[in-house]
Amino acid sequence: MNSILLLKTNFMNISVIKILSLFTIIDGYIINQSLPIKKNIRVARIANGEQFDQSYYPYVVGLKIQIVDEETYCTGTLVSPRFVLTAAHCIEGSSFVEVYQTDPRNEDGEKREVIELFMHSLYNDTSFVGDLCLLKISKPFKNITSYANISGNPELFANETSLKCFIFGWGKNETGYPKYRANFASVWVKYGPNACEVPPDNYFIKDIVESTWKDFLCPVPNNRMACIGDSGGALMCQGFLFGITSHGYNYYPEMGHLKTECGDTRVQTRYIFIVIYRDWINNHLHGTSSTLKFNHLMFILISIVRFLLSI
């Protein structure tokens, strides 16, 4: 059975299980393909990363998400005073979302309630195309005056060029949860039909990756990577927001009997290349989009229908 790593973490030990085609997706865990679910454990975020002073990157925010009777956590990026960009799979099934200026687990510092959310119409929870969601908050944060600027020209990656970029996410490292600090790490990023490593013996994942390459940026696999809880976090290149953390998978052959660890160099992570969706983002920021907006009740009902259709 094939596994995809979703980089969203759950507050409780109970995980929501979704059966999507041949994938097994268990939110909040890196899936061990050979062990029972109960033996999988939660791991640290931004593997082998460092801590930074949030005052330099005030637009990196934390999300607390209520899904049924569970709290989950993701990362988001302020792209304007009232809008946060994050991953669609973070918000799927949510009934209530709060945005925190600092670590959402600590609950100190300013927070804002999300009053509207805009899921991209192309979002696909198998291929993760369109894995984007814009969150509109109740009012701007008082002391945040700078926001992430979107950019990313595909020509920068011509001739298999790699760019040095930085990934961001709220949460813990080996020493525990930081307070007033987020985690980050430098990575080398590629873009193109051969940018992502693919499993040679897993044709299902291989076909999806090869058919959706235009939508994703791929860091060169190493031990510095986004992990659980970092979904929706920023990928910053040349000082601009190039990508949003989406998902990852095992690409090494014969990985089915091995436990998958965050920070394992045999895991390929993928980031939504948001310049592809720039018009959609700008239309919402400027209030010119005709895309259907979701209130929480509508989104819950749609999520239930999608789940029922997938089993």
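Conventions we followed
Residues numbered from 1 in each chain as written. Predicted model: local features only at pLDDT ≥ 70, side-chain atom pairs only at ≥ 80, totals over all residues. Heavy atoms only, no water. Helix = DSSP H or I, 4+ residues; strand = E, 2+ residues; numbered from the N terminus. Buried < 20%, exposed > 50% of the residue type's maximum accessible area, 1.4 Å probe, protein only. Areas by Shrake-Rupley, 256 points an atom, 1.4 Å probe, with all protein chains shown as cover. 1 Å grid on protein atoms, 1.4 Å probe; cavity = no way out; pocket = protein on both sides within 12 Å on 5 of 7 lines; lining within 4 Å. Points joined across faces, edges and corners; volume = space filled by probe spheres on them. Nonpolar A, V, L, I, M, F, W, Y, C, P; charged D, E, K, R; others polar. Salt bridge = Lys/Arg side-chain N within 4 Å of Asp/Glu carboxyl O. Arc of directions from axis to C-beta. Contact = heavy atoms within 4.5 Å. Core = buried A, V, L, I, M, F, W, Y, C linked by side-chain atoms within 4.5 Å.

Some words on the overall build of the protein chain
Regarding its fold elements, the protein chain presents four helices and 18 strands. In the protein chain, buried positions account for 56% of the 311 residues. Total accessible area on the protein chain stands at roughly 13,300 Å², and carbon and sulfur atoms take up 54% of it.

Notes on the layout of surface pockets
In this model, the second largest pocket occupies a volume close to 290 Å³. Lining the second largest pocket are 16 residues, with K190, P193, N194, A195 and C196 sitting closest to its centre. When the residues that make up the lining of the second largest pocket are grouped by side-chain class, the tally is nine nonpolar, three polar and four charged.

Comments concerning the pattern of salt bridges
Tallied over the full model, the rule gives four salt bridges. As a salt-bridge pair, D264 and R266 come within 2.9 Å of each other at their nearest N and O atoms. Overall, the relative accessible area of 12% leaves D264 in the buried class.

Details of helix 3 (residues 278–285)
Within helix 3 the residues assigned to the buried category are W280, I281 and H284. Looking straight down helix 3, one finds that the buried residues subtend no more than 100° of arc, so they occupy a single side. As for helix 3, its buried residues are in contact with strand 9 (83–86), strand 11 (111–119) and strand 12 (133–137).

Digging into the nonpolar core
Ranked by size, the top nonpolar core spans 48 residues in total, and within it L85, L135, L241 and I274 carry the most contacts. Among all residues touching L85, those that are not within four sequence positions of it are G76, T77, V79, L132, C133, L134, G232, L241, I244, I274 and I281. Among the nonpolar cores identified, the runner-up in size contains 16 residues, and L163, I167, Y191 and C237 belong to it.

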